[in-house]
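If you want the building blocks of each chain, they are given just below.
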Amino acid sequence: MSLLPNTLTTSPTTTNIAVQSLAVIQVSGSDAEPFLQGQLTCDLKQLTQNNWQLCGHCDAKGKLWSVSRIARNEAGFILMQNRSTLAKSLAQLQKFSVFSQVNFTDVSEQFSTSVVVGANAKSAVAAQLGFTIEEPYHYQQQTSVFALTENAYLLVQPNNIASPEPSQNERYWQALQIEHDWPIMEDVHQETFIPQMLNLDTLGAISFKKGCYIGQETVARMHYKGMNKRRLFQLTGLAKSTPTPTNQLEVKLGENWRRAGAVISAVRYDNDVIAIQAVLPSDIEATAQLRIKGQDDSKFTPCQKPDETESINE
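An account of the accompanying structure is given in this report. Since the structure is predicted, the reported quantities are computational estimates derived from the model, not experimental observations.

## Details of the overall build of the chain
Step number 1: The helix and strand tally for the chain stands at five helices and 16 strands.
Step number 2: Its C-alpha atoms give the chain a radius of gyration of 20 Å, within 12% of the compact-globule value 20 Å for 314 residues.
Step number 3: Based on the C-alpha atoms only, the size of the chain along its principal axes is roughly 60 × 45 × 30 Å.
Step number 4: The averaged location of the 31 negative side-chain charges in the chain is 8 Å from the averaged location of its 26 positive side-chain charges.

Okay, here's the thing in structure tokens:
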């Protein structure tokens, strides 16, 4: 299947994407829920056996260590986050857990992770697993299934369970995340952004009602005082080299170029168009001309402006 913009979820051909970039963390122990409630931005009281939540893990200043998906399983909770952010994020969780009955185990090597996407993804997942997914999250026989959209499913299965050979590589997973504005946070940006800068508030990943957690004071102040001036944007354009999370963006102001923000992730499509996920000033113009710093011939423009409407957690 050719990788072109906005074709993954609408294609009649189901795509199986092998995902190596996600870590799988098992959280267990009698204090697991209250401990995580005091660490993560989401409200675990809203987490049932049949749904999952996006959440952030912050330092004391409200800067993100990681962005995760969390769900319940028979042992407690499963956390899914980018592998590159795991070491520092896990170290922080373990540091604060010394007086709690909670255990964090990296079980990434015991599981295979894949994404099934396409117009017929639901039926393809049912055929593969032997049961139909009717809820946002399903756990059965040590297999976790996250319904990301109605046409995209994240599967976490034990290595001893046979699964179809992947038909595409991780570039397709990266494109899917960028197209749906799901933040792809890497270790280079740890302790850099508050959750709202990665749009976690509009994605329902922050509860402003649940009470205290690490970094809550900064996150709440940014929310209630309207102090956040940066947002996650999607850009499209052309460049000789595909940008990386270490690249910076510049914006044209008159005849000059000024620093605009940071690249979070980027993917090159088969037609050489590049999509970028980047943190930029929230008031940037839709007609703004941007380029990658050091690539003077690169050209990018913002896609639709992010929805700044607060989630139902307000």
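## Examining the layout of surface pockets
Step number 1: The volume enclosed by the largest pocket comes to roughly 300 Å³.
Step number 2: Lining the largest pocket, in full, are Trp-52, Gln-53, Leu-54, Arg-69, Pro-136, Ala-147, Leu-148, Trp-182, Leu-203 and Gly-204.
Step number 3: Of all elements in the fold, only strand 3 (53-58) and strand 9 (143-149) reach the threshold of two or more residues within the lining of the largest pocket.
Step number 4: Tallied by class, the residues present in the lining of the largest pocket amount to seven nonpolar, two polar and one charged.
Step number 5: Empty space within the second largest pocket amounts to approximately 250 Å³.
Step number 6: Lining the second largest pocket we find 18 residues, and of these Ala-18, Gln-20, Ser-112, Thr-113 and Ser-114 sit closest to its centre.

## With respect to the packing of aromatic side chains
Step number 1: Per the stated rule, a full pass over the model turns up five aromatic pairs.
Step number 2: Geometrically, the ring pair formed by Phe-35 and Phe-104 is edge-to-face, given 5.9 Å between the ring centres and 65 degrees between the ring planes. Placement of the pair is Phe-35 in helix 1 (residues 32-37) and Phe-104 in strand 6 (residues 103-106), with a sequence separation of 69 residues.
Step number 3: Summarising the aromatic geometry, the rings of Tyr-137 and Phe-146 are spaced 5.1 Å apart at their centres and angled 65 degrees between planes, so their arrangement reads as edge-to-face.
Step number 4: On the accessibility criterion, Phe-146 (0% relative accessible area) is buried.
Step number 5: Counting every residue linked through ring pairs, the aromatic cluster contains Trp-52, Tyr-137 and Phe-146.
Step number 6: Across from the ring centre of Trp-182, 5.5 Å away, lies the NZ or CZ of Arg-69, which sits over that ring.

## Re empty space enclosed by the protein
Step number 1: Evaluation of the coordinates by the stated rule reveals one cavity of 30 Å³ or more.
Step number 2: Taken as a whole, the largest cavity holds about 140 Å³ of empty space.
Step number 3: For the largest cavity, the lining is made up of 14 residues, of which Val-67, Arg-69, Asn-82, Gln-177 and Pro-183 are closest to its centre.
Step number 4: For the lining of the largest cavity, the elements supplying multiple residues, two or more each, are strand 4 (64-73) and strand 5 (76-82).
Step number 5: Tallied by class, residues from the lining of the largest cavity come to eight nonpolar, five polar and one charged.

## Digging into the nonpolar core
Note that soluble globular proteins tend to have their nonpolar side chains buried in a common cluster.
Step number 1: In this structure, Phe-146, Trp-173 and Leu-198 are the most contacted members of the largest nonpolar core, which totals 50 residues.
Step number 2: In terms of residue count, the dominant contributor to this core is helix 4 (residues 170-179) (five residues).
Step number 3: Contact partners of Phe-146, with chain neighbours within four places excluded, come to Trp-52, Arg-69, Ala-71, Ile-78, Met-80, Pro-136, Tyr-137, Ala-152, Tyr-153, Leu-154 and Val-156.
Step number 4: Within the second largest apolar cluster, 19 residues are counted, among which are Ala-23, Phe-35, Leu-36 and Ile-70.

## As for the pairing of strand 10 (residues 152-158)
Step number 1: Burial within strand 10 is extensive, with seven of its seven residues counted as buried.
Step number 2: Both strand 7 (residues 111-117) and strand 10 contribute to a ladder of seven bridges, which runs antiparallel. Bridge assignment links Phe-111 to a residue of strand 10, and that residue is Pro-158.
Step number 3: Direction of pairing for strand 9 relative to strand 10: antiparallel, over a ladder of five bridges. Paired with Phe-146 across the bridge in strand 10 is Leu-154.
Step number 4: Linking strand 9 back to strand 10 in an antiparallel pair, the connection comprises two residues.

## Focus on the sheet that holds strand 8 (residues 137-140)
Step number 1: Spatial ordering of the open sheet is given by 1-7-10-9-8, a layout of five strands whose pairing is antiparallel. Two strands bound the open sheet, and with one partner strand each, they are strand 1 (15-18) and strand 8. For this sheet, the mean angle separating the axes of adjacent strands, direction not counted, is 20 degrees.
Step number 2: Contacting strand 1, strand 7, strand 9 and strand 10, helix 3 (residues 121-129) crosses the sheet at an angle of about 15 degrees to strand 10.

## Examining the pairing of strand 14 (residues 274-281)
Step number 1: The element strand 14 is extensively covered by neighbouring structure, given that seven of its eight residues are classed as buried.
Step number 2: Relative to strand 14, strand 11 (residues 230-238) runs antiparallel, the two sharing eight bridges. What sits directly across from Arg-231, in strand 14, is Leu-280.
Step number 3: Pairing geometry for strand 13 (residues 256-268) and strand 14, over six bridges, is antiparallel. Opposite Ala-266, over in strand 14, you have Ile-276 as the bridge partner.

Criteria and thresholds
Residues numbered from 1 in each chain as written. Predicted model: local features only at pLDDT ≥ 70, side-chain atom pairs only at ≥ 80, totals over all residues. Heavy atoms only, no water. Helix = DSSP H or I, 4+ residues; strand = E, 2+ residues; numbered from the N terminus. Rg over C-alpha atoms; globule rule 2.2 N^0.38 Å. Lys, Arg positive; Asp, Glu negative; His and termini not counted. Charge placed at Lys NZ, Arg CZ, Asp CG, Glu CD. 1 Å grid on protein atoms, 1.4 Å probe; cavity = no way out; pocket = protein on both sides within 12 Å on 5 of 7 lines; lining within 4 Å. Points joined across faces, edges and corners; volume = space filled by probe spheres on them. Nonpolar A, V, L, I, M, F, W, Y, C, P; charged D, E, K, R; others polar. Phe/Tyr/Trp six-rings, centres within 6.5 Å; stacked < 30°, edge-to-face > 60°. Buried < 20%, exposed > 50% of the residue type's maximum accessible area, 1.4 Å probe, protein only. Lys NZ or Arg CZ within 6 Å of the ring centre and 35° of its normal. Core = buried A, V, L, I, M, F, W, Y, C linked by side-chain atoms within 4.5 Å. Contact = heavy atoms within 4.5 Å. Pairing = 2+ DSSP bridges. Axes fitted to C-alpha atoms, helices over the stretch in contact; angles between N-to-C directions.

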